[in-house]
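Coordinates in review
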Amino acid sequence: MVRGFGWAAAFPDEVWEHVFSFLAADADRNAVALVCRAWHRIERRSRRRVFVGNCYAVAPAAAVRRFPEVRAAAIKGKPHFADFNLVPTDWGGGAEAWVEAMAEGWPHLEELRLKRMVVSDDCLELIARSFKNFGVLSLVSCDGFSTAGLAAIAANCRSSPVHTSVGLEVAILVSVASEGVNELSLVYLLLSSADIPYLRNLRELDLHENEVEDNCLNWISHFPESFTSLVSLNIACLEGDVNTSVLECLISRCPNLKTLRLNHAMPLEKLVSLLQRAPQLVDVGTSKFSADHHPELFSKLESTFAGFKHLKSLSGIWEAGPTYLPAIYSVCESLTSLNLCYATIQSPELLKFVSRCKNLQRLWVMDLIEDNGLIAVAASCKLLQELRVFPSDPYGVAPPISLTEHGLVAISAGCLMLHSVLYFCRQMTNAALLTIANNRPNLTCFRLCIIEPHTPDYISQEPLDAGFSAIVESCKDLRRLSLSGLLTDRVFKSIGASANRLEMLSVAFAGDSDAGLHYILSGCKNLRKLEIRDCPFGDKALLDNASKLETMRSLWMSSCSVTLGACRQLALKMPRLNVEVIDERRGRPLESWPDDFPVEKLYIYRTVAGPRSDTPPCVWTV
Amino acid sequence: MSTTETGNSSTTESAVSGLDYEETQLTLAASGASRSELERKRGFSEGVDLSLETKDFLSGSSDEAPISGAGEPSAAKAQVVGWPPVRSFRRNVLKSCTYVKVAVDGTPYLRKVDLEAHAGYQQLLTALEEMFSCFTARNYPNERLVDPVNGTEYVPTYEDKDGDWMLIGDVPWKVRSSSNFTGNIKGFGSHVEAINKEELEGAISTIHGKHHSTENNLVECCDGCLSLHANGFVDEKLRSCRFSSKNTHRLHHCKVNWDPQHLQTMQS
């Protein structure tokens with residue numbers, strides 16, 4: 001007991017634990033852990049969920065040791081710009097170290113979510129073998145694995161009796177979908193031994209936008225016949241064909257299935273027969289949505305979708321032609337989430353479809369929707385909260401689409417609940433941004449990408465400083481911002497001064513001088529992630545604000561004006577930062593380069609684990 | 001005659017920056033009979049406007065006055081790495097299929113090549129020559145492809161959407177992907193099969209994982225569609241190929257238009 005904190009012992013640990021269980025936010029639990037030793041001990045033993053925003057910020061063994069009772073872990077690896085090929089493929093973010101530590105220290109782990117990590121098939125096999133009660137595996141933007149690894153996961157799924165590990169073996173039926181239950185449990189009891197293999201009840205397998213090598217044709221057939229616990233299956237990112245009949249069997253025997261997202265390989269007829277078996281689905285991702293017109297197929301599709309009484313979320317619809325889209329009008333009214341961002345449907349059909357979706361809260365769509373389409377959305381979808389408009393032709397080879405700032409302005413005016421925007425377009429004005437800012441002060445996420453770098457206000461030819469300044473000044477709760485277009489240091493002054501809740505900022509081709517970076521780093525008190533490319537920001541701002549970097553998760557700078565000397569100074573000054581210089585061009589070691597050597601890519605992150613041991617040849621920890 | 005376009009090559013060069021798609025529409029028909037002879041006689045280096053290649057595609061930089069909304073010169077602009085910030089996953093999935101089949105007269109099998117992977121005609125032709133190097137020999141002095149057996153010269157041609165045989169090189173490289181050039185086949189000689197855009201899939205796909213070893217250089221796709229790869233070619237290209245491919249269902253169409261004679265050669 002610590003003197004002066006005797007009150008902590010006034011209640012037994014279990015009471016405090018119960019109190020802490022109401023604290024959902026990690027930040028709150030972290031705060032609690034700092035109050036006194038007793039609370040630190042109680043909190044750490046009772047923490048069930050861990051989020052590691054940077055896999056290199058802490059050593060896996062340390063995390064596992066500190067929180068021994070974790071049931072759910074989420075870990076992120078590569079920096080965000082890895083999505084755009086700016087990070088070398090061998091940079092790191094491997095999951096083995098974490099999976100091995102977790103297999104060792106968290107045998108009761110139930111949920112694992114990895115984002116932007118390199119996950120090997122061996123990792124997947126280890127996951128399959130190590131966790132008794134594994135329920136959720138989510139891999140987002142990962143790579144390094146193949147369908148053979150998925151087969152290993154599938155093969156280890158069981159829905160059957162679980163034995164307690166202490167002496168007495170009691171058969172507990174978790175979920176069995178057949179008759180003869182008592183006989184079954186007896187059989188398991190008889191066959192039980194101390195050495196029973198770990199059994200799992202996989203509920204959720206979520207593969208989102210991963211690069212998966214396809215080398216195991218029928219991995220789905222590795223799910224045993226007894227496996228019936230599936231609630232959510234997302235295989236949209238898989239390239240290859242999936243055996244439809246095996247999938248049909250799987251779906252038929254999983255009565256709790258709510259989410260099913262298929263990949264584009266499946267032909268429409270097979271999709272229809274598959275979906276017919278699961279009218280209880282809440283979230284559907286279709287495969288390709290085009291085929292030659294067949295009236296029977298059309299009516300089958302129509303009746304299948306009409307059978308979805310609970311459908312809330314629709315995605316997929318790859319390569320949709322106008323032919324089959326009308327067949328699914330019946331679900332529009334109930335949809336709250338619609339993801340058409342891979343659907344190359346033209347504006348008239350899109351308009352007809354989307355304007356029926358009166359209850360839409362989230363809409364992801366291609367710029368093929370055009371301004372007219374967005375105006376219609378603004379009129380029909382009054383509950384819209386999140387809009388993402390993706391470019392159908394980012395490299396501008398095809399004739400231009402008529403999607404301009406007008407579409408976004410219309411949405412901002414018509415959709416009062418809009419708080420999150422991602423918008424790719426080719427032109428913008430300060431006036432439009434001002435209007436948006438005034439219309440929607442409740443924006444929390446504003447990501448605007450004007451495709452051509454350095455594009456000014458196309459009417460006044462001014463930089464877009466005024467427009468973005470209006471956004472940060474008006475939207476007091478803005479947490480995420482991405483800038484584009486022609487911008488000077490002025491916009492950074494506004495951001496530094498006004499964006500008090502900003503947590504993530506992405507900057508490209510902007511600013512005039514170091515002052516820009518200085519404004520950001522000396523302001524933005526809640527900034528966690530800063531990523532910058534192709535801006536004239538250099539050493540001075542970085543060194544002047546060195547201590548700020550320890551309050552942030554990470555900083556990425558590429559094609560800026562930072563020199564190696566500044567990195568060295570920074571690393572010296574801030575021992576709890578890893579300053580990684582990434583250079584794929586040269587072969588000579590870092591030590592031999594002079595101080596004025598320009599750094600091509602720089603990734604700085606706070607860590608308690610010290611420099612990492614798995615840096616590839618192109619990365620140097622200064 | 002397809003040769004009329006060659007006469008315009010100097011105007012097409014200047015037309016790259018003020019791109020006029022109508023001008024580069026290749027729509028004239030030529031009489032079938034005279035085609036192959038004509039192409040045989042013309043030297044390749046005359047056909048390709050090599051000065052187009054020196055219009056360095058990196059020269060389109062952000063120094064140019066930003067064009068808003070028009071998007072026309074961006075066809076000739078550089079592609080800055082990682083910009084616009086479109087996820088590589090999305091980019092690969094939506095990538096318009098730019099694989100074309102290539103046949104060389106008298107060779108037992110065809111190849112597929114990704115137009116996107118090459119920066120210009122010269123690079124493409126070098127790649128094609130490498131692919132078919134076992135059958136043809138480069139005649140270095142005048143840089144023409146010559147068949148070692150009978151000494152006939154090869155020229156690269158393709159069939160455009162109107163079914164006309166065109167000599168490679170007239171259309172500026174960057175324009176080709178937006179206009180009628182896609183969906184057509186490039187070929188050496190006149191023996192090329194017409195495959196429409198629907199059938200241009202990422203050919204070399206490991207969708208069914210049947211990688212045959214590189215010793216016999218065959219990769220079998222679904223339903224017996226066969227495609228070829230050479231050592232090293234698959235591993236590098238396969239990734240881009242896989243991501244630009246649509247689905248195996250479409251590969252069925254591939255098979256339909258394959259020359260049965262070729263198919264038999266491969267199966268044997």
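Since this is a predicted model, take the numbers as computed values, not measurements.

Let's talk about the overall build of chain A
In terms of regular secondary structure, chain A is built from 21 helices and 23 strands. Expected size for 622 residues packed as a compact globule is a radius of gyration near 25 Å; at 27 Å, chain A falls within 12% of this value. Overall, chain A is about 75 × 75 × 55 Å in size when its C-alpha atoms are taken along their principal axes. Scored against the burial criterion, the 622 residues of chain A give a buried share of 57%. Sequence-distant contacts, at least 24 apart, represent 71% of the contacts inside chain A between residues at least 6 apart.

Details of the overall build of chain B
When helices and strands are tallied, chain B shows 11 helices and 10 strands. Buried positions account for 53% of the 268 residues belonging to chain B. Sequence separation of 24 or more characterises 66% of the internal contacts of chain B that already satisfy a separation of 6 or more. When the accessible area of chain B is evaluated, it comes to approximately 11400 Å², of which 51% is carbon and sulfur surface.

Digging into the UniProt feature "domain: F-box" (unreviewed entry) in chain A
According to UniProt, the "domain: F-box" (unreviewed entry) feature falls on residues 11-52 of chain A. The span residues 11-52 of chain A carries 62% helix and 10% strand; its end-to-end C-alpha distance comes to 31 Å.

Quick notes on the packing of helix α2 (residues 26-33) of chain A against helix α3 (residues 37-46) of chain A
Residue and element names in this part refer to chain A. Where α2 meets α3, the closest approach of the two axes is 8 Å, and the angle between their N-to-C directions is 145°. Contacts from Arg29, Val32 and Ala33 of α2 reach α3 at Trp39, His40, Glu43 and Ser46. When grouped by side-chain class, the residues that make up the contact of α2 with α3 number three nonpolar, two polar and two charged.

As for the environment of His454 of chain A
All names here are of chain A. Secondary-structure assignment places His454 in the loop between β16 (445-450) and α16 (465-474). In sequence terms His454 and Leu487 are 33 residues apart; their C-alpha atoms lie 7.2 Å from each other. In this structure the side chain of His454 is engaged in a polar contact, spanning 3.4 Å, whose partner is the backbone oxygen of Phe509.

A few points about the domain arrangement of chain A
Domain annotation for chain A reports domain 1 (6-47) and domain 2 (554-622). The distance between the C-alpha centroids of domain 1 of chain A and domain 2 of chain A comes to 38 Å.

Quick look at the confidence of the model for chain B
Residue and element names in this part refer to chain B. Here chain B averages 46 in pLDDT, and 14% of its residues register 70 or above. The low-confidence segment residues 175-268 (pLDDT under 50) makes 238 contacts with residues lying over four places distant or belonging to another chain. The ipTM, which scores confidence in the relative placement of chains, is 0.82 for this predicted complex, and the corresponding pTM is 0.72.

What to know about the state of the cysteines
All names here are of chain A. One pass over the structure, following the stated rule, counts zero disulfides over all chains. Between Cys55, a free cysteine, and Cys142, which holds the nearest cysteine sulfur, the sulfur-to-sulfur gap is 10 Å. We classify Cys55 as buried; its relative accessible area is 4%. Between Cys524, a cysteine without a disulfide, and Cys475, which holds the nearest cysteine sulfur, the sulfur-to-sulfur distance is 14 Å.

Describing the packing of aromatic side chains
Residues and elements named next belong to chain A. Enumeration according to the criterion identifies 23 aromatic pairs over all chains in this entry. Members of the aromatic cluster, connected to one another through ring pairs, are Tyr56, Phe81, Phe84, Trp91, Trp556, Tyr603 and Tyr605. Directly above the aromatic system of Tyr329 lies the positively charged group of Arg356, at a separation of 3.8 Å from the ring centroid. Arg612 extends its terminal NZ or CZ atom over the ring of Trp91, reaching a point 4.4 Å from the ring centre.

Observations regarding empty space enclosed by the protein
Here the idea is plain: a probe the size of a water molecule rolls over the atoms and shows the empty space left. Residues and elements named next belong to chain A. One pass over the structure, following the stated rule, counts five cavities of 30 Å³ or more. Looking at the largest cavity, its volume works out to about 180 Å³. Forming the walls of the largest cavity are 18 residues, and the residues nearest its centre are His208, Ala236, Ser315, Asn339 and Tyr342. Here the lining of the largest cavity is built from residues that sort into nine nonpolar, seven polar and two charged.

Here's the deal with helix α12 (residues 347-354) of chain A
Helical geometry: 3.6 residues make up each α-helical turn, so side chains three or four residues apart lie on a common side. Residue and element names in this part refer to chain A. Within the span of α12, buried status applies to Ser347, Leu350, Phe353 and Val354. End-on, the buried residues of α12 take up no more than an arc of 130°, which puts them together on one face. On the buried face of α12, the contacting elements are β11 (313-315), β12 (337-339), β13 (362-366) and α13 (370-380).

Thoughts on the pairing of strand β4 (residues 136-140) of chain A
A regular strand places its side chains on the two faces of the sheet in alternate fashion. Residue and element names in this part refer to chain A. The buried fraction of β4 is high, at five of five residues. With burial as the criterion, each face of β4 is covered, one bearing Val136, Ser138 and Val140 and the other bearing Leu137 and Leu139. With five bridges joining them, strand β3 (residues 111-115) and β4 adopt parallel strand pairing. Across the sheet, Arg113 pairs through a bridge with Ser138, a residue of β4. Each parallel crossover has a hand, and the one from β3 via helix α6 (residues 121-130) to β4 is right-handed. Where β4 lies against strand β6 (residues 204-208), five bridges are found, and the strand directions are parallel. Counted as the bridge partner of Ser138 is Asp206 from β6.

Brief notes about the pattern of salt bridges
A side chain with one charge can pair with a side chain of the opposite charge if their charged atoms come near. Residue and element names in this part refer to chain A. Applying the stated criterion to the full structure yields 27 salt bridges over all chains. In this structure, Asp83 engages Arg116 in a salt bridge whose closest nitrogen and oxygen atoms are separated by 2.9 Å. You can see Asp83 sitting in the loop between β2 (72-76) and α5 (96-105) and its partner Arg116 sitting in the loop between β3 and α6, a full 33 residues away along the chain. A relative accessible area of 6% places Asp83 in the buried class. A relative accessible area of 9% places Arg116 in the buried class. Here Asp595 ties to Arg568 by a salt bridge, and the two come within 2.7 Å at their closest N and O atoms. Of this pair, Asp595 sits in the loop between β21 (577-582) and β22 (601-606) while Arg568 is found in helix α21 (residues 564-573), placing the two residues 27 residues apart along the sequence.

Focus: the side chain of Asn234 of chain A
Its location among the elements puts Asn234 of chain A in strand β8 (residues 232-234). Here the side chain of Asn234 of chain A touches Asp206 of chain A through a polar contact of 2.8 Å, side chain to side chain.

Focus on a negative patch on the surface
All names here are of chain A. On the surface, Glu96, Glu100, Asp122 and Glu125 cluster together into a negatively charged patch. Those elements giving two or more residues to the negative patch turn out to be α5 and α6. Within the secondary structure, Asp122 sits in helix α6. With relative accessibility at 57%, the residue Asp122 sits in the exposed group.

Some thoughts on the side chain of Ser558 of chain A
Residue and element names in this part refer to chain A. Within the element layout of this structure, Ser558 appears in strand β20 (residues 554-558). Among the polar contacts listed, one links the side chain of Ser558 to the side chain of Trp556, at a separation of 3.0 Å. Those residues in contact with Ser558 that lie beyond four places of it in its chain are Leu86, Ile532, Arg533, Asp534, Glu600 and Lys601.

A short note on the confidence of the model for chain A
All names here are of chain A. For chain A, the mean per-residue pLDDT works out to 89, and 91% of the residues sit at or above 70. At the low end of the mean pLDDT range in chain A sits helix α8 (residues 181-191), at 44; at the high end sits strand β17 (residues 480-482), at 98. Contacts for the low-pLDDT stretch residues 162-199, under 50 throughout, to residues beyond four places or in other chains number 43 contacts.

A word on the pairing of strand β1 (residues 49-52) of chain A
Residues and elements named next belong to chain A. Where burial is concerned, the two faces of β1 differ: the one with Val50 and Val52 is buried and the one with Arg49 and Phe51 is not. Pairing analysis gives four bridges linking β1 to β2, with the strands arranged parallel. Residue Val52 lies in a different strand from β2, and its bridge partner there is Ile75. Taken together, β1, helix α4 (residues 60-66) and β2 constitute a β-α-β crossover, and its handedness is right-handed.

Rules of the game
Residues numbered from 1 in each chain as written. Chains lettered and ligands numbered in written order. Predicted model: local features only at pLDDT ≥ 70, side-chain atom pairs only at ≥ 80, totals over all residues. Heavy atoms only, no water. Helix = DSSP H or I, 4+ residues; strand = E, 2+ residues; numbered from the N terminus. Rg over C-alpha atoms; globule rule 2.2 N^0.38 Å. Buried < 20%, exposed > 50% of the residue type's maximum accessible area, 1.4 Å probe, protein only. Contact = heavy atoms within 4.5 Å. Areas by Shrake-Rupley, 256 points an atom, 1.4 Å probe, with all protein chains shown as cover. UniProt positions renumbered as here; feature names shortened; annotations may be inferred. Axes fitted to C-alpha atoms, helices over the stretch in contact; angles between N-to-C directions. Nonpolar A, V, L, I, M, F, W, Y, C, P; charged D, E, K, R; others polar. Polar contact = N/O pair within 3.5 Å; in protein donor to acceptor, adjacent residues only side chain to side chain. Domains from an automatic or database assignment. pLDDT = per-residue confidence, 0-100. Disulfide = S-S within 2.5 Å. Phe/Tyr/Trp six-rings, centres within 6.5 Å; stacked < 30°, edge-to-face > 60°. Lys NZ or Arg CZ within 6 Å of the ring centre and 35° of its normal. 1 Å grid on protein atoms, 1.4 Å probe; cavity = no way out; pocket = protein on both sides within 12 Å on 5 of 7 lines; lining within 4 Å. Points joined across faces, edges and corners; volume = space filled by probe spheres on them. Arc of directions from axis to C-beta. Pairing = 2+ DSSP bridges. Right-handed = clockwise from strand over helix to strand, strands pointing away. Salt bridge = Lys/Arg side-chain N within 4 Å of Asp/Glu carboxyl O. Patch = residues over 30% accessible without salt bridge, like charges linked within 9 Å, V, L, I, M, F, W, Y side chains within 5 Å. Lys, Arg positive; Asp, Glu negative; His and termini not counted. Charge placed at Lys NZ, Arg CZ, Asp CG, Glu CD.

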